[in-house]
Amino acid sequence: MDKELSPKYHPLDVHSVIDFVKSRPESRELFREGEALEAREVGDGNLNLVFDVWAPADRHRRVILKQALPYLRLVGDGWPLPTDRARIEAQALEIEYKLVPQHTPRLYFYDAEMNLTAMQNLSEHIIMRRGLMQGIKYPHFAEHIGLFLAKTLGSTSDLLLDYRTKKLEVARFLNPELCKITEDLIFTEPYRKTERNGFHKEIEPQVLALQADDLLRVEVAQMKEKFMTQAQALLHGDLHTGSIMINATETYVIDPEFAFYGPMGFDIGAVIGNLLLSYASHEVRSPDPAQRADFRTYLTDTILQVWKVFEREFQRGVWDHVDPIGMPKGYQQDYMLRLLHDTAGLGACKMMRRVIGLAGVADIRAIENVHDRSVAASLALNIAQTLLMKRREMRTIEDLVALATACRPSYPWKD
Ligand code: SR1
Ligand code: MG
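Notes on the structure in this doc start here. Each residue is numbered by its place in its chain's sequence as written, counting from 1. Written order decides the labels, with chains lettered from A and ligands numbered from 1. Restriction of local features to residues with pLDDT of at least 70 applies here, the model being predicted, together with a cutoff of 80 or more for giving and counting side-chain atom pairs; totals for whole chains, interfaces and linings are based on all residues. Side-chain metrics in this entry use all non-hydrogen atoms of the structure; hydrogen atoms and water are not considered.

Considered as a void within the structure, the largest pocket measures approximately 1,200 Å³ in volume. For each structure, a 1 Å grid was placed over the protein atoms alone; sets of points admitting a 1.4 Å probe that cannot get out are labelled cavities, open sets with protein on both sides within 12 Å along at least five of seven lines are labelled pockets, and lining residues have an atom within 4 Å of a point. Taken together, 50 residues make up the lining of the largest pocket; nearest its centre are Asp 44, Gly 45, Ile 127, Gly 242 and Asp 255. Helix and strand assignments come from DSSP, with helices taken as H or I runs of at least 4 residues and strands as E runs of at least 2, each series counted from the N terminus. Mapped by element, the contributors of at least two residues to the lining of the largest pocket are strand S2 (48–55), strand S3 (58–68), strand S7 (116–120), strand S8 (126–127), helix H3 (128–133), helix H6 (176–187) and helix H11 (329–356). Among the elements that line the lining of the largest pocket, the one with the most residues is H6, at four residues. Grid points are joined across faces, edges and corners, and a volume is the space filled by probe spheres set on the points.

This is the structure we're talking about:
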């Protein structure tokens, strides 16, 4: 399943990481010979060790080191995982940096033996999910992420790549074990009884109803088939708001270890689905009605703008350069409409897994009061179900937002 671990591979800790950094020639760009360094482990994700290493003499000189463990950190060594994901991440970062350097952390080096990437330290930014949970607005996010999506997806698709490069790139980014995680956790397990699902007891009636819904499972199966078979573009593969580092002026997309060639709507849907998870959570996170309405308007305006920027940049970066005989206007319009439907359907599946399955999101799972958590979870499921089932009715992004905002929580249950 994995390339063999090098005999030189060993998981780092806060002490050995400093010696490791000092041993790398690339470090001379940042740190001085013999200079004291400090380190802390900052990984709060599900998969890897992540170290922040800095020079106490000047805290701006710092680096992030991310090391793949041969098992899933969230679960332990009972769930082996290929460390080759560090290579996938390094190569995806290189491509993204070429296309959108302003939104991609700079890769300093990749160490194949240690399965480790060293990259720009984004200490002036926070994980976007945490900001959204606090009700912080990011006025430039839509413009930034719309551009990121259009550039990374458009430029790696058959629409722009030559036939040979595209196929070689598909092969270079085969990522079977991490794709299998997605297939299981997003498209399979939420729709059946399994030990690994992580929803809370109070929401069980809605989960059971959803699992018993044959029509819904038909649509989920279609989304799973699309994920597994449509090598449309190089995806980030895990573009939720926990993979975005942000502040008032800048946006960076991190963590592309799930990268592979898949359907574009999976990345676009991840962004929009996560904004809608935030929308659902503010049903209870913002108890003041005026404040809630204001933040939700920000979220829905952001969704509209993400799509519009994506469309605008896709036009500039892709459609303006294709052969108009082979790809006439009508084809282009139909392509964008299919993308909208994929975005809704795949984004909906990403929402449902975060409520029902393993590895939920803090937006909802960290709501302490169980009643409130149930209200938010119920609304998220209703929005997701609506988007999945009604996606073919959508003609515009406004239709998607209208369908989502018309949803209400079913919890507390009516008799
Ligand atoms: C078992 S890994 C759980 C999740 O963490 C990653 O961020 C992906 O979203 C994956 O599905
Ligand atoms: Mg991640």
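Still to come is the rest of the account.
It is worth spelling out the packing of helix H9 (residues 264–285) against helix H13 (residues 370–389) at this point. Fitted lines through C-alpha atoms serve as axes, helices being fitted only where they are in contact, and the angles separating the N-to-C directions of these axes extend from 0 to 180 degrees. Two elements in contact, H9 and H13, have axes whose closest approach is 8 Å; the angle formed by their N-to-C orientations is 145°. Crossing handedness for the pair H9 and H13: right-handed. The segment H9 lies against H13, with Leu 276, Leu 277, Tyr 279, Ala 280, Ser 281, Glu 283 and Val 284 engaging Asp 372, Val 375, Ala 376, Leu 379, Ala 380, Ile 383 and Leu 387. Side-chain classes follow a simple rule in which Ala, Val, Leu, Ile, Met, Phe, Trp, Tyr, Cys and Pro form the nonpolar group, Asp, Glu, Lys and Arg form the charged group, and the remainder, Gly included, forms the polar group. Residues of the contact of H9 with H13, tallied by class, amount to eleven nonpolar, one polar and two charged. Crossings are classed by handedness, with left-handed meaning an anticlockwise turn of the near helix from the far one by less than a right angle and right-handed meaning a clockwise turn. Contact between two residues is taken to exist if any of their heavy atoms lie within 4.5 Å; hydrogens are not considered.

A few words now on H13. Over its 20 residues, H13 runs 28 Å from end to end, which matches the ideal 28 Å to within 8%, given 1.5 Å per residue. Each residue is assigned to one of three classes by its accessible area relative to the maximum for its type, calculated with a 1.4 Å probe on protein chains only: buried under 20%, partly exposed between the two thresholds, exposed over 50%. The buried count for H13 comes to 15 of 20 residues, which makes it a mostly enclosed element. Working rule for helices: expected span equals 1.5 Å times residues minus one.

Looking now at the environment of Asp 323. Along the chain, the position of Asp 323 falls in the loop between helix H10 (289–317) and H11. It is 22 Å that separates the C-alpha atoms of Asp 323 and Glu 169, two residues lying 154 residues apart in sequence. Polar contact criterion, stated in full: a pair of N or O atoms within 3.5 Å, where within protein one must be able to donate a hydrogen and the other to accept it, and residues adjacent in sequence count only if both atoms are side-chain atoms. Polar contacts involving the side chain of Asp 323 include one to the main-chain amide nitrogen of Ile 325, which spans 2.9 Å. A distance of 3.1 Å separates a polar side-chain atom of Asp 323 from the backbone nitrogen of Gly 326.

Consider each residue's heavy atoms; a residue with any of them within 4 Å of a molecule or strand counts as near. Every residue near ligand 1 is listed here: Asn 46, Leu 47, Leu 72, Ile 181, Leu 185, Asp 238, His 240, Phe 258, Arg 353, Arg 354 and Ala 359. Taking Asn 46, its side chain carries an N or O atom lying 2.7 Å from an oxygen atom of ligand 1. Here an oxygen atom of ligand 1 sits 3.0 Å away from a polar atom, N or O, in the side chain of Arg 354. Judged by the fraction of its atoms near the pocket grid, ligand 1 is located in the largest pocket. The set of elements that each furnish at least two residues to the shell around ligand 1 consists of H6 and H11. Here the shell around ligand 1 is composed, by residue class, of six nonpolar, two polar and three charged. Molecule-in-pocket calls rest on the fraction of atoms, with more than half required to lie within 2 Å of the cavity or pocket grid points.

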